[in-house]
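What follows is the residue order along each chain.
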Amino acid sequence: MAKTKLAFVCGECGADYPRWTGQCSACGQWNTLKEIRLSPAAGREPAAVIGYAGSQSQIHKLSDVAVEETPRWSTGMAEFDRVLGGGMVPDSVVLIGGAPGAGKSTLLIQALARMAETGCRVLYVSGEESLQQIALRAQRLKLPRENIQMITETSVSRVCQVLDELDPDIAVIDSIQVMFSERSESAPGSVAQVRESAAELTRYAKTRRVAMFLVGHVTKDQSLAGPMTLSHIVDTQVILSATDDARFRILRADKNRFGSIGELGFFAMDSQGLKEVKNPSAMFLNRAEKPASGSVVTVLWEGTRPLLVEIQALVTDCQYGNPRRLAVGFEQNRLALILAVLTRHGGINTAQEEIYANVVGGIKITETSSDLAIAISIASSLKNTVVPFDTLYFGELGLNGEVRPVANGQARLADAAKHGFKTAIVPKANAPKTAIPGMILHPVSHLTEALALLSEG
Ligand code: TYD
Ligand code: MG
């Protein structure tokens, strides 16, 4: 008889070990390793069954593979389609993560209703909410309910049976955390179970050509059922998260085999469910009544479009001990670098100051185009000079204090002009050749020039 194999899996991050240890060396947590028994069959199946892609392992020439452009399904929401890379790819698997209450179920039932309207066969598998709860939500959101098929089920093999019977184009699994597979002997909800269920469903999706949305709850350390356990299984991983303003939600792709990952989708949650926000810049520029020192607006480039955001800095004297430096919404190291450039090349010494810098609205800046705006907001707070409401800064700072150009300068300026900005301090190389109506441009090549403009007011 085949021997049952043992494995030890960390309940926090999903790393597995051949024997028990007190601390997980992958995530550093203590006492989180649980024993799981692998069924004798697991791990000994032919590769064709194990592979996520689900295709038979025969050798082909790349040029002989038939390439068919399958049209994508639109979710009916441009913001959702944008994050998916232009709609849902047939027989792809998308993992939607987010904290409980983020609006994952709401987003998916809205998308399913729209897709069903266009003739797509859809199935909603709920493992968490009862059919009544989902029906009530769909009714409240005034969604067409005729063509959405539903089951409440948590067994993966039963879900696959139902999929066999109904043969839908798109299925939603809400959520992957409550699914269990008979092939894994560990408890439902454990990382090993979640991983096995996701792998089995993905395999099914690839072989039977069903597109799937898997819902996954984000754990307290912002990982989806443990870092890296699911993202390599699925094609696309998107995260729905709340912003500082509780009404708004941001959808972003962490991984996308069928599109870029820089794209953000913006939604507002109201009593009618999730609404698309067509003009996200307006959503992040809800500013105070009067201009205040330390507040500067910059324009980011998110995926394929510009986004205006406000940066705030607060500089205060340090009363005792080491002065604190805190960056929220961008990297701490970036703040240290900008402070060093300000000291060395801008003559602004902040060695004895506490510095707090924040990107308003809960957005995370990942590009360098906001360097100049961050530097100016710190200088503005320190000198107590106000940057006018209709003034905008962008540009990357070099270590010698030079202001470097950034990509898509023209489009950034055009968006700012559209939102009523009248003055822009930009890198010299980004200054447009033709004037932008209603906008005064100050091209600068060094930090000192930008600081001089700030002092002039
Ligand atoms: P839900 O989609 O159930 O979240 P998730 O599936 O990610 O856990 O959304 C729940 C939240 O959304 C809840 O706090 C109530 C709120 N909500 C609204 O404000 N308006 C609505 O129309 C709906 C359906 C939900
Ligand atoms: Mg839900």
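Residues numbered from 1 in each chain as written. Chains lettered and ligands numbered in written order. Predicted model: local features only at pLDDT ≥ 70, side-chain atom pairs only at ≥ 80, totals over all residues. Heavy atoms only, no water.

What's the story with the overall build of the protein in this structure? I'm lost.
When helices and strands are counted, the protein shows 11 helices and 21 strands. By its C-alpha atoms, the protein is 80 × 55 × 50 Å across when sized along the principal axes. Counting all 457 residues of the protein, 49% fall into the buried class. Taking as baseline every contact in the protein between residues at least 6 positions apart, the subset at least 24 positions apart corresponds to 66%. For the protein, the accessible area works out to roughly 21,800 Å², and carbon and sulfur atoms hold 53% of it. The average position of the 46 basic charges and that of the 47 acidic charges among the side chains of the protein differ by 1 Å. (Helix = DSSP H or I, 4+ residues; strand = E, 2+ residues; numbered from the N terminus. Buried < 20%, exposed > 50% of the residue type's maximum accessible area, 1.4 Å probe, protein only. Contact = heavy atoms within 4.5 Å. Areas by Shrake-Rupley, 256 points an atom, 1.4 Å probe, with all protein chains shown as cover. Lys, Arg positive; Asp, Glu negative; His and termini not counted. Charge placed at Lys NZ, Arg CZ, Asp CG, Glu CD.)

Any chance you could explain the pairing of strand β13 (residues 295-302) here in plain terms?
Successive side chains on a regular strand alternate, one facing one side of the sheet and the next facing the other. Buried residues dominate β13, accounting for eight of its eight residues. Judged by which residues are buried, β13 turns out to be covered on both faces: S295, V297, V299 and W301 on one side and V296, T298, L300 and E302 on the other are all buried. Two strands pair when backbone bridges link them, and β13 and strand β14 (residues 305-317) are joined in this way by eight bridges, in the antiparallel orientation. In the sheet register, L300 faces β14, and the bridge partner there is L307. A loop of two residues connects β13 with β14, the two strands running antiparallel in sequence, and G303 in this loop sits at a positive phi of about 70 degrees. (Pairing = 2+ DSSP bridges.)

Hey, could you run me through the packing of helix α9 (residues 371-383) against helix α11 (residues 447-456) in this one?
α11 packs onto α9 with a crossing angle of 40 degrees between their chain directions and a minimal axis gap of 11 Å. Here α9 lies oblique to α11, going by the angle between them. Viewed along their axes, α9 and α11 form a crossing whose handedness is right-handed. Between α9, through L372, A375, I376, A379, S380 and K383, and α11, the contact on the second element is made entirely by L447, A450, L451, L454 and S455. For the contact of α9 with α11, the residue count by class is eight nonpolar, two polar and one charged. (Axes fitted to C-alpha atoms, helices over the stretch in contact; angles between N-to-C directions. Parallel < 35°, antiparallel > 145°, perpendicular 65-115°, else oblique. Left-handed = near helix turned anticlockwise from the far one by under 90°. Nonpolar A, V, L, I, M, F, W, Y, C, P; charged D, E, K, R; others polar.)

I tried to follow unusual backbone geometry on my own but got confused; where do I start?
In most cases, non-glycine residues show a negative phi, while peptide bonds are predominantly trans. In this model, D174 is joined to S175 through a cis peptide bond whose omega is 5 degrees. For S175, the position within the fold is in the loop between β7 (170-174) and α6 (191-208). Positive phi is not limited to glycine here, since N31 has a value of about 60 degrees. Note on placement: N31 falls in the loop between β2 (16-17) and β3 (33-38). Its relative accessible area of 58% is what places N31 among the exposed residues.

When you look at the sheet that holds strand β6 (residues 148-152) in this model, what are you seeing that I'm missing?
Across a sheet, paired strands are connected by hydrogen bonds in the backbone, their directions being either parallel or antiparallel. Taking strand neighbours across the sheet as the criterion, the nine strands line up as β6-β5-β7-β8-β4-β9-β10-β11-β12 in an open arrangement whose pairing is mixed. Looking along the sheet, the strands with just one partner apiece sit at the ends: β6 and β12 (273-276). On average, each strand axis in the sheet is inclined to that of its neighbour by 25 degrees, with strand direction left out of account. Across the face of the sheet, helix α5 (residues 156-166) comes into contact with β5 (122-126), β6, β7 and β8 (211-217) while running at roughly 165 degrees to β5. Those strands touched by α6 are β4 (93-98), β7 and β8, and its axis lies near 165 degrees from that of β8.

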